[in-house]
Amino acid sequence: MTQPQSGTSGPVEHIHWRSLIAAVAAISAVGLAIGLGLPLLSIIMEKRGISPTLIGINSAMAGVAAMVAAPFTTRLAHGLGTSTTMLLAIVLAAISGLGFYYIENFWLWFPLRLVFHGAITTLFILSEFWINAAAPPRRRGLVLGIYATVLSLGFAAGPLLFSLLGSQGVLPFAVGAMIILLAAVPIFIARRESPIITEKPEAHFMRYVLLVPTATAAVFVFGAVEVGGLSLFPIYATRAGFSEPQAALLLTVMGIGNMAFQIPLGMVSDRMRDRRGLLTIMAVIGLIGALSLPLVSQNWILMAVVLFVWGGCVAGLYTVGLSHLGSRLVGADLAAANAAFIFCYAVGTVVGPQAIGGAMDVSGNDGFAWAIVAFFGFYLILSLGRMVFRPKQG
């Protein structure tokens, strides 16, 4: 059972704003720091003469770290408490983030990535668990839409901050570490309202991947399409005839759609008895959008319109999937399912770029679209099958 430390049990009736602000502000600060850190580390490695292949392998450690940390997060929170575990993760992330400046040996950056991104994964899992636990069922979609929107703003602001700070000296690392540490303030203030995991999860961790497959498959597809698409879309766009600035602007349009759609989609999901229907609709739009990419690849405006709507619906798989998860489970089971949710996202971030890149090698530039079509097709088969054969399950 999950309950605030004040002793209130059962589903909450009203939004716990202090809890919501604490969790959202904390993870948004972390998102800002990640948005700053990822390009910073890549630029530094490139300046040191590290090959693009090794840079890619080192960057992929983020997904590996998430897969390693996810199964243990709920047990840590059960033993130490949700807020205490989050505070410890913040300290560990800040110290390891600063360590990238002081440790110049490239090979030591691999274990350092594991520590940094493992701590970040813990923060993501427990913040989403906290938000789900603090949200009343009838407003869960709205609350998670706010969370997703603010988090997207944090990620978007990180590269802007990098452009202002540059990559020289300790300053960008110190700023990143300070931003992460600031995330501890709202968590500490609201620590008495953090949800308590009083029991261990009822099932093995991997069981939760299959317990609500409509949600976990949605976030897998989101991770694959988001990371694979962001990584390879500039190549796809420039091969299609767009300039690099035009390609970058198209990514910006997709990011704007991502932010613009999350609160409305969350509010729509609150009005639906079965959120799987909305997830299926978004997957259909994602499939149609991917199919249309080769058809609009010669017209920048049409491409921008498609990417605006497409980006919002793709990101909606995460928001509505997380809301669906919260509507099905509570307490320790919800915390463990949140961990499984992030685990599936991490698997998607590793699989997506490989699958989309391989498809482009085999099928040419349009392989970008066909690979994404395959991901959405897989999800549609699963979601429609679940709705037909498991009408009351996730």
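Residues numbered from 1 in each chain as written. Predicted model: local features only at pLDDT ≥ 70, side-chain atom pairs only at ≥ 80, totals over all residues. Heavy atoms only, no water.

Chemist: So what's going on with the overall build of the chain? Which residues, and what values?
Modeler: Helix and strand counts for the chain come out as 15 helices and two strands. Scaling as 2.2 N^0.38, a compact globule of 394 residues should have a C-alpha radius of gyration of about 21 Å, and the chain matches this with 20 Å. Viewed in the frame of its principal axes, the chain has a C-alpha envelope of about 60 × 55 × 30 Å. Out of the 394 residues in the chain, the part that is buried amounts to 55%. A separation of at least 24 residues holds for 84% of the contacts in the chain among residues at least 6 apart in sequence. Element-wise, carbon and sulfur atoms account for 70% of the exposed surface of the chain, whose accessible area totals about 16600 Å². Between the averaged position of the 21 positive side-chain charges in the chain and that of its 14 negative side-chain charges there is a distance of 8 Å. (Helix = DSSP H or I, 4+ residues; strand = E, 2+ residues; numbered from the N terminus. Rg over C-alpha atoms; globule rule 2.2 N^0.38 Å. Buried < 20%, exposed > 50% of the residue type's maximum accessible area, 1.4 Å probe, protein only. Contact = heavy atoms within 4.5 Å. Areas by Shrake-Rupley, 256 points an atom, 1.4 Å probe, with all protein chains shown as cover. Lys, Arg positive; Asp, Glu negative; His and termini not counted. Charge placed at Lys NZ, Arg CZ, Asp CG, Glu CD.)

Chemist: Talk me through the packing of helix 5 (residues 109-134) against helix 6 (residues 140-165); I want residue IDs and the actual numbers.
Modeler: Contact pair helix 5 / helix 6: the axes reach a minimum separation of 10 Å and the direction vectors enclose 150°. Where helix 5 abuts helix 6, its residues F124, S127, E128, I131 and N132 lie against R140, V143, L144, Y147, L151 and F155. Here the contact of helix 5 with helix 6 is built from residues that sort into seven nonpolar, two polar and two charged. (Axes fitted to C-alpha atoms, helices over the stretch in contact; angles between N-to-C directions. Nonpolar A, V, L, I, M, F, W, Y, C, P; charged D, E, K, R; others polar.)

Chemist: Pulling in residues and values, what's your account of helix 13 (residues 300-328)?
Modeler: The terminal C-alpha atoms of helix 13 lie 42 Å apart, and with 29 residues this matches the ideal 42 Å at 1.5 Å per residue to within 8%. Where helix 13 bends most, at G316, the angle is about 30°. Burial analysis of helix 13 places 21 of its 29 residues in the buried class, which makes it a mostly covered element. Where helix 13 begins, the capping side chain belongs to N299, and its oxygen is found 3.1 Å from the backbone nitrogen of I301. (Expected span 1.5 Å × (residues − 1). Bend = angle between axes of the 7 residues up to and from the residue. Polar contact = N/O pair within 3.5 Å; in protein donor to acceptor, adjacent residues only side chain to side chain.)

Chemist: How would you explain the nonpolar core if you had to name every residue and give the values?
Modeler: One finds Y147, W310, L317, F368 and F376 to be the most contacted residues of the largest nonpolar core, which totals 127 residues. Looking at this core element by element, the count peaks at 15 residues for helix 1 (residues 17-47). Those residues in contact with Y147 that lie beyond four places of it in its chain are V24, I27, F124, S127, E128, I131, Y318 and L322. (Core = buried A, V, L, I, M, F, W, Y, C linked by side-chain atoms within 4.5 Å.)

Chemist: Mind laying out helix 15 (residues 367-389), listing which residues take part and the relevant values?
Modeler: In a regular helix each residue adds 1.5 Å, so 23 residues correspond to 33 Å; helix 15 covers 33 Å between its end C-alpha atoms and thus fits that length. Among the residues of helix 15, those classed as buried are G367, F368, A369, A371, I372, V373, F375, F376, Y379, L380, S383 and R386. If you follow the buried residues of helix 15, they end up packed against helix 10 (213-239), helix 12 (276-296), helix 13 and helix 14 (331-363).

Chemist: Go over the side chain of N338, please, and point to the residues and values.
Modeler: Inspection of the secondary structure assignment puts N338 in helix 14. Take N338: its relative accessible area is 0%, and that puts it in the buried class.

Chemist: Let's hear about the confidence of the model for the chain: which residues, and what values?
Modeler: Summary statistics for the chain give a mean pLDDT of 84 and a share of 94% for residues scoring 70 or more. For the chain, per-element mean pLDDT is lowest for strand 1 (residues 2-3), which scores 41, and highest for helix 4 (residues 82-102), which scores 93. (pLDDT = per-residue confidence, 0-100.)

Chemist: Quick rundown of empty space enclosed by the protein? Include the residues and the values.
Modeler: In the structure shown here, the tally under the stated rule is one cavity of 30 Å³ or more. Computed from the structure, the largest cavity encloses a volume of approximately 180 Å³. Along the wall of the largest cavity there are 18 residues; nearest its centre are A33, G37, G97, F100 and F116. Listing elements by their share of the lining of the largest cavity, those giving two or more residues are helix 1, helix 4, helix 5 and helix 7 (171-182). At seven residues, the largest contribution of residues to the lining of the largest cavity is made by helix 1. Residue composition of the lining of the largest cavity, by class: 13 nonpolar, four polar and one charged. (1 Å grid on protein atoms, 1.4 Å probe; cavity = no way out; pocket = protein on both sides within 12 Å on 5 of 7 lines; lining within 4 Å. Points joined across faces, edges and corners; volume = space filled by probe spheres on them.)

Chemist: Can you explain the side chain of T319? Please cite residues and give values.
Modeler: For T319, the position within the fold is in helix 13. In contact with T319, other than residues within four places in its own chain, are L144, G145, A148 and Q262.

Chemist: Go over the pattern of salt bridges, please, and point to the residues and values.
Modeler: Scanning all chains against the criterion turns up two salt bridges. Here D270 makes a salt bridge to R275, at a shortest N to O gap of 3.5 Å. For the residue pair D270 and R275, the accessibility class agrees, reading buried in each case. Measuring nitrogen to oxygen at the nearest pair gives 2.8 Å for the salt bridge that ties R276 to D274. Since its relative accessible area comes to 2%, R276 is described here as buried. (Salt bridge = Lys/Arg side-chain N within 4 Å of Asp/Glu carboxyl O.)

Chemist: Summarise the packing of helix 1 against helix 6; cite the residues concerned and give the values.
Modeler: Running from N to C, helix 1 and helix 6 point in directions that differ by 35°, and their axes come no closer than 7 Å. Seen along the crossing, helix 1 lies across helix 6 with a hand that is right-handed. Contacts between helix 1 and helix 6 involve L20, V24, I27, S28, G31, L32, I34, G35, L36, P39, L40 and I43 from the first element and V143, Y147, V150, L151, G154, F155, A157, G158, P159, L161, F162 and L165 from the second. Taken together, the residues of the contact of helix 1 with helix 6 break down into 19 nonpolar, five polar and no charged. (Left-handed = near helix turned anticlockwise from the far one by under 90°.)

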